[in-house]
Amino acid sequence: MLLKKNFPVIDGLVDPAVNSSLVVPATSEFPQVVNTGSHWVCLSTMSTTPGMVKIFHSLYHKPSSVAVEYTCCMLMYPGDTVTFMNEKVQRQGGGNDCGLFALAFATDICHGLDPAIQRYDQGSMRQHYVDSLENGTM
């Protein structure tokens, strides 16, 4: 919600607690953080062709059915096929920081940066987000 507050003109950034069936479709390109049930990922249509969705996944798994369904609910695309493309982003160490990486990817996208070429200091990410929440800016 802080990303939406900081970037009000960027579509998407829907509260990830909202069930995909209640998601209002985006009217323009968007980034979105999604919880797949056991993992957090960032999806984006920013700088893609119509019908393409980039997946920023810190463990490099294929898109889950939850992520696909959520994205398709957000996507206003009249075509028959949606293409999901896994982006080669920094891989997380361990199994507990996927949410931090998904937020970092979405934040970079909002700032016009490509998460695929960014390097993140995983040891500092948690405190960085605490600081961001306290300061009210991403």
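Structure first, text after, so check above.
Summarised in this report is the structure supplied together with it. All chains use their own residue numbering, which begins from 1 and follows the written sequence. Two thresholds apply to this predicted model, a pLDDT of at least 70 for residue-level local features and 80 or more for giving and counting side-chain atom pairs, whereas whole-chain, interface and lining totals are computed over all residues. The side-chain values count all of the structure's non-hydrogen atoms but skip hydrogen atoms and water molecules.

## As for the overall build of the protein chain
- When you go through the protein chain residue by residue, the secondary structure sums to four helices and four strands.
- When the elements of the protein chain are put in sequence order from the N terminus, they spell out α-β-β-β-α-β-α-α.
- Computation of the radius of gyration draws on C-alpha atoms alone. For the globule rule, the value is 2.2 Å times the number of residues to the power 0.38. For the protein chain, the C-alpha radius of gyration of 14 Å lies close to 14 Å, the compact-globule estimate for 138 residues.
- For the protein chain, the spread of C-alpha atoms along the three principal axes comes to 40 × 30 × 25 Å.
- Contacts were defined at the residue level, with two residues in contact if any of their heavy atoms lie within 4.5 Å. Taking all contacts inside the protein chain whose residues are at least 6 apart in sequence as the whole, residues at least 24 apart take part in 59%.
- Reported accessibility uses the Shrake-Rupley method at a 1.4 Å probe radius. Residues are deemed covered only where the shown protein chains occlude them. Element-wise, carbon and sulfur atoms account for 55% of the exposed surface of the protein chain, whose accessible area totals about 7,500 Å².
- Seen as two clouds, the 8 positive and the 12 negative side-chain charges of the protein chain have centres 6 Å apart. Numbering of helices and strands runs from the N terminus; a helix is a DSSP stretch of H or I covering at least four residues, while a strand is a stretch of E covering at least two. Lys and Arg are tallied as positive, Asp and Glu as negative. Neither His nor the chain termini are counted. Where a charge sits is defined by one atom per residue type, namely NZ (Lys), CZ (Arg), CG (Asp) or CD (Glu).

## Regarding the environment of Gly112
- The residue Gly112 is located in the loop between α3 (98-110) and α4 (122-135) in this model.
- Throughout this description, buried means an accessible area under 20% of the type-specific maximum (1.4 Å probe, protein chains only), exposed means over 50%, and partly exposed covers the range between. Using a relative accessible area of 66% as the deciding quantity, one classes Gly112 as exposed.
- Taking the C-alpha atoms as reference points, Gly112 and Met46, separated by 66 residues in sequence, lie 9.1 Å from one another.

## Comments concerning the packing of α3 against α4
- Where α3 contacts α4, the axes come no closer than 10 Å and their chain directions differ by 75°. As the angle between them shows, α3 and α4 are arranged roughly perpendicular. Where α3 approaches α4, its residues Leu100, Phe101, Leu103, Ala104 and Thr107 are matched on the opposing element by Gln122, Met125, Arg126 and Tyr129.
- Grouping the constituent residues of the contact of α3 with α4 by class yields six nonpolar, two polar and one charged. Axis definition: a line fitted to C-alpha atoms, limited for helices to the stretch in contact. Angles are taken between N-to-C directions and run from 0 to 180 degrees. The cut-offs work like this: below 35 degrees is roughly parallel, past 145 is roughly antiparallel, 65 to 115 is roughly perpendicular, and the gaps in between are oblique. Under the scheme applied here, ten amino acids are nonpolar (Ala, Val, Leu, Ile, Met, Phe, Trp, Tyr, Cys and Pro), four are charged (Asp, Glu, Lys and Arg), and all others, including Gly, are polar.

## Points about the pattern of salt bridges
- By salt bridge we mean one thing: a side-chain nitrogen of Lys or Arg within 4 Å of a carboxyl oxygen of Asp or Glu. This structure, assessed with the given rule, holds one salt bridge.
- In this structure, Arg126 engages Asp97 in a salt bridge whose closest nitrogen and oxygen atoms are separated by 2.3 Å. Of this pair, Arg126 sits in helix α4 while Asp97 sits in the loop between β4 (83-87) and α3, and the two are 29 residues apart along the sequence.
- Classification of Asp97 by relative accessible area gives buried; the value is 11%.

## Quick word on the nonpolar core
- Leu3 and Phe105 are the most contacted members of the largest nonpolar core, which totals 21 residues.
- Looking at this core, the elements that each hand over two or more residues are α1 (2-6), α3 and α4.
- The element that contributes the greatest number of residues to this core is α3, accounting for eight residues.
- Discounting residues that sit within four places of it in the chain, Leu3 has contacts with Leu13, Ala106, Thr107, Cys110 and Met138.
- To qualify as a nonpolar core, a set must consist of buried Ala, Val, Leu, Ile, Met, Phe, Trp, Tyr and Cys residues joined through side-chain atoms within 4.5 Å. One finds Ala26, Val34, Ala67 and Leu75 within the second-largest nonpolar core, a separate group that totals 12 residues.

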